[in-house]
Amino acid sequence: MNRLVFLIFAAVMLSLVSCKEVTYGGRTEVEDLADRVVVCHKYLVYNLDYVFQANRYMAAEDSAQLQEVLYKYFENSEIEYDTATGVLYIYKYRGFALSIETGGKPLGPDNNVWKVEGTATKPWGDGTGEEYSFEVRLLEDGRYGFYGTIIANRFLESQFMYEDVDLEFLLGWIEMPYYHPEVTVRETATYRMDGTVDMFVGEYGVREKETPEFRSTFNSVYGYDPHEYVDSEPIFAGGSYLQGGEIRSILSYDDRQDEYLNLYVNNSGVARVEHGIVE
């Protein structure tokens, strides 16, 4: 178990207000559900990072700026831009690839939407892949919209998690150390998100009946990639992908009453969990 997952489990275990039988390798059912929410939603950050790193690629004004972007975000990665169609293809790692319809320009007032087609390949299962799609839109108030479908995968789990995303967010940037012969600082995108995300676990877009459907509301959820990097390799630096806000979820089952699962997040990850039956 890596350190990030361990810290999440520890925080959840210290803060549960309701607990069920231990069923998942020493974790309670509630701990497992909370972990699933956290792991699933960090894939929102993964996908948005790819988009806004690609946006920096498209915004480079000369060969020197372009090379700097390649050093920081696409070292040992595949990236290809089709000037005729305006489609940018990206493959990095984690088994995910994106094809972005850029319209030939960076995101901006005169080009306010990028449409994205993704492919998720199972790293822990049989290696099969599934497609998903979403769009990122610049809104009139300077916020961004994030709409569509995301696929996530939990460590050593062969099933996918499917997210139906309807979010708006504020974009920011922070500087993180970067260990590379040519650059020493890497700008990392930050996101403060509000809206809804519906999620379920399953195969080929069909929910597994034993698991619930999660209907989540994001209230000022703040997140970013907490890693430092050596070239393209991440180094865990003790942070969580989710570092603030609330995620309030309703869990719907086929054979029992709806439950609520509320996560309260701070800069160490999940600080408190509330769970119970929806009356």
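Residues numbered from 1 in each chain as written. Predicted model: local features only at pLDDT ≥ 70, side-chain atom pairs only at ≥ 80, totals over all residues. Heavy atoms only, no water.

Visitor: So what exactly am I meant to see when it comes to the environment of Tyr178 here?
Guide: As for its position among the elements, Tyr178 is in strand S9 (residues 160–179). As a C-alpha pair, Tyr178 and Pro234 span 56 residues in sequence and 9.6 Å in three-dimensional space. Ignoring anything within four residues of it in the chain, the contact list for Tyr178 reads Tyr71, Lys72, Glu75, Val183, Thr184, Val185, Arg186, Tyr229, Asp231 and Ser232. Within polar-contact distance, the side chain of Tyr178 engages the backbone oxygen of Tyr71 at 2.6 Å. (Helix = DSSP H or I, 4+ residues; strand = E, 2+ residues; numbered from the N terminus. Contact = heavy atoms within 4.5 Å. Polar contact = N/O pair within 3.5 Å; in protein donor to acceptor, adjacent residues only side chain to side chain.)

Visitor: Would you mind going over a nonpolar patch on the surface with me for this structure?
Guide: Residues Tyr179, Val230 and Ile235 make up a contiguous nonpolar surface patch of roughly 240 Å² in combined accessible area. Tracing the backbone through its elements, the reader meets Tyr179 in strand S9. Residue Tyr179 is classed as partly exposed on the basis of its relative accessible area of 42%. (Patch = residues over 30% accessible without salt bridge, like charges linked within 9 Å, V, L, I, M, F, W, Y side chains within 5 Å. Areas by Shrake-Rupley, 256 points an atom, 1.4 Å probe, with all protein chains shown as cover. Salt bridge = Lys/Arg side-chain N within 4 Å of Asp/Glu carboxyl O. Buried < 20%, exposed > 50% of the residue type's maximum accessible area, 1.4 Å probe, protein only.)

Visitor: Just checking my understanding: could you explain the pattern of salt bridges for this structure?
Guide: Pairs can form between side chains of opposite charge whenever their charged atoms are close. For the structure on display, the rule yields 16 salt bridges. Residues Arg256 and Glu29 are paired through a salt bridge, measuring 3.0 Å at the closest nitrogen-oxygen approach. Of this pair, Arg256 sits in the loop between strand S15 (242–252) and strand S16 (259–266) while Glu29 sits in helix H2 (residues 29–59), placing them 227 residues apart in sequence. By relative accessible area, Glu29 is classed as buried at 15%. Overlapping salt bridges, with partners in common, bring together Asp32, Asp35, Arg36, Arg154 and Glu157 in one network.

Visitor: I tried to follow the environment of Glu279 on my own but got confused; where do I start?
Guide: As for its placement among the helices and strands, Glu279 is situated in the segment after strand S17 (269–277). A relative accessible area of 86% places Glu279 in the exposed class. When the C-alpha atoms of Glu279 and Asp258 are compared, they prove to be 8.3 Å apart, with 21 residues separating the residues in sequence.

Visitor: What is the right way to look at the side chain of His275 in this model?
Guide: Residue placement: His275 occurs in strand S17. Accessibility expressed as a relative area gives 5% for His275, which makes it buried. Among the polar contacts listed, one links the side chain of His275 to the side chain of Glu259, at a separation of 2.9 Å.

Visitor: What is the right way to look at the packing of aromatic side chains in this model?
Guide: In this description, a pair of aromatic rings is defined by centroid distance and the angle of the planes. Scanning the entire structure with this criterion turns up 15 aromatic pairs. Where Tyr46 meets Tyr241, the ring centres are 5.4 Å apart and the plane angle is 90°; that geometry is what we call edge-to-face. With Tyr46 in helix H2 and Tyr241 in the loop between strand S14 (233–235) and S15, this residue pair connects regions lying 195 residues apart in the sequence. The class for Tyr46 is buried, based on a relative accessible area of 9%. Between the aromatic rings of Tyr132 and Phe134, the centroid separation amounts to 6.3 Å while the plane-to-plane angle is 10°, which identifies the pairing as stacked. Among the residues examined, Tyr132 registers a relative accessible area of 3% and is labelled buried. Cluster of aromatic residues (ring-pair linked, three or more members): Tyr43, Tyr46, Phe96, Tyr132, Phe134, Phe146 and Tyr241. (Phe/Tyr/Trp six-rings, centres within 6.5 Å; stacked < 30°, edge-to-face > 60°.)

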